[in-house]
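Chain residues, written in single-letter form:
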Amino acid sequence: MKNCLLQPATLKNGDKVALIAPSSPPSCVSHVDFAVAYLQSLDFVVAEGASCRAAYGYLAGDDNLRANDVNWAFGDESIQGIFCLRGGYGTARILDKIDYNAIRRNPKFFCGYSDITALHTAINQKAGVMTFHTPMVGEKGFDAADAYTLKHMHKYIYKTDIRGKIKNPGGHRWEFLVPGMAEGVLCGGNLSVMVSLMGTAYEPDTAGKIIFIEEIGEKPYRIDRMLNQLHMAGKFDACAGVIFGDFADCAPNNPARSLTVKEIMQNLHFNVPVMYNFRCGHCLPTASLPMGATARLDSTLDTLIIL
């Protein structure tokens, strides 16, 4: 079992935090204003990156601008934490422009999900620093975040001791498609983004790890294709276990002529413990996860634990 990555310091009232948009711009400027106001309500001093109010087609500014925001946020010693505004697309375009040595020297709380999966993977692997898979304060719908979602997110923002059991919210049950017990460092995130990194210098390293996977808006045959690619690349053979999170809006157009997402997963015939229907991803309520922390899956005890 691999040891967990370097955990950055948690945040406290009065800390200065950066708000950046390394992917797509917000759908409207009011989302930026809401994000700033929300972080201020947590008693943080907010510094906006230039990307927050920039637009270059479907990107929040050109690649240099967005990469400079990431490097600025990690390099500025007055900044203690970094919040990504939203996902979309574009983070993978800037991975070769990030100063991972600076991140290693200045580890900071960094959070986001979806397209931010590319940065989670790169920072975890290239800098050896833990990051946090959480909702984003500028995404559509965050203003409706429920108590479960905020409790899980705030735990990683504020608490130094992140150990403990993670449970699904009430009314949602996970199940183990493959029983067993597994321990390993958490990796992964959005399926489409993970697959897009295959064959690059940022390809997900799953050896001995527990892979978390979530997705939104992909038809079952496309999910089949992407999971099969990870399977053929040996990513599931090398891992310790798999956690399938939420697969939002992934229903087929014609259910009678399609496999279900669950059937696709079962057809892969995993030889490691597999949890299905963990409530984490493009959904509310949603859990948060420390990417790079060591976790344990145990079907006998029906638990997911951060160690």
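Please refer to the structure placed before this passage.
Let me sum up the structure you'll find in this document.

Calculation criteria
Every chain is numbered independently, its residues counted from 1 as its sequence is written. pLDDT decides what is reported in this predicted model: residues at 70 or higher carry local features, side-chain atom pairs at 80 or more are listed and counted, and totals for whole chains, interfaces and linings draw on all residues regardless. Hydrogens and waters are ignored; side-chain quantities use all the structure's heavy atoms. In this text, helices come from DSSP runs of H or I with a minimum length of four residues, and strands from runs of E with a minimum of two, each type numbered from the N-terminal end. Only protein chains enter the accessibility calculation, which uses a 1.4 Å probe; a residue is then buried when its area is under 20% of its type maximum, exposed when over 50%, and partly exposed in between. Throughout this description, the term salt bridge denotes a Lys or Arg side-chain nitrogen within 4 Å of a carboxyl oxygen of Asp or Glu. A patch consists of residues whose relative accessible area exceeds 30% and which take part in no salt bridge; residues with like charges are grouped when within 9 Å of each other, and nonpolar side chains (Val, Leu, Ile, Met, Phe, Trp, Tyr) when within 5 Å. For every accessible area listed, the method is Shrake-Rupley and the probe measures 1.4 Å; residues are considered covered only by the protein chains on display. Under the counting rule used here, the positive set is Lys and Arg, the negative set is Asp and Glu, and His together with the chain ends is not counted. Working definition for charges: the position is that of NZ of Lys, CZ of Arg, CG of Asp or CD of Glu.

Excluding glycine, most residues fall at negative phi; most peptide bonds, likewise, are trans. Residue Pro285 is bonded to the preceding Leu284 through a cis peptide linkage, with omega at -5°. Located in the positive-phi region is Asp43, a residue other than glycine, with phi close to 70°. Looking at the secondary structure, you find Asp43 in the loop between helix H1 (29-41) and strand E2 (45-48). Phi is positive for Ser114, which is not a glycine, with a value near 65°. Within the secondary structure, Ser114 is located in the loop between strand E4 (109-112) and helix H4 (117-127). Relative accessible area serves as the criterion here: at 11%, Ser114 is assigned to the buried category.

A separate point is the pattern of salt bridges. Taken as a whole and assessed by the stated rule, the structure comprises twelve salt bridges. Between Lys262 and Glu175 there is a salt bridge, with its nearest N and O atoms 2.8 Å apart. Here Lys262 is found in helix H9 (residues 261-266), whereas its partner Glu175 is found in strand E7 (residues 175-178), with 87 residues between them in sequence. The class for Glu175 is partly exposed, based on a relative accessible area of 33%. Measuring nitrogen to oxygen at the nearest pair gives 2.4 Å for the salt bridge that ties Arg222 to Glu218. For Arg222, a relative accessible area of 30% puts it in the partly exposed group.

A cluster of basic side chains, namely Lys151, Lys159, Lys165 and Lys167, defines a positive patch on the protein surface. A relative accessible area of 64% means that Lys151 is categorised as exposed.

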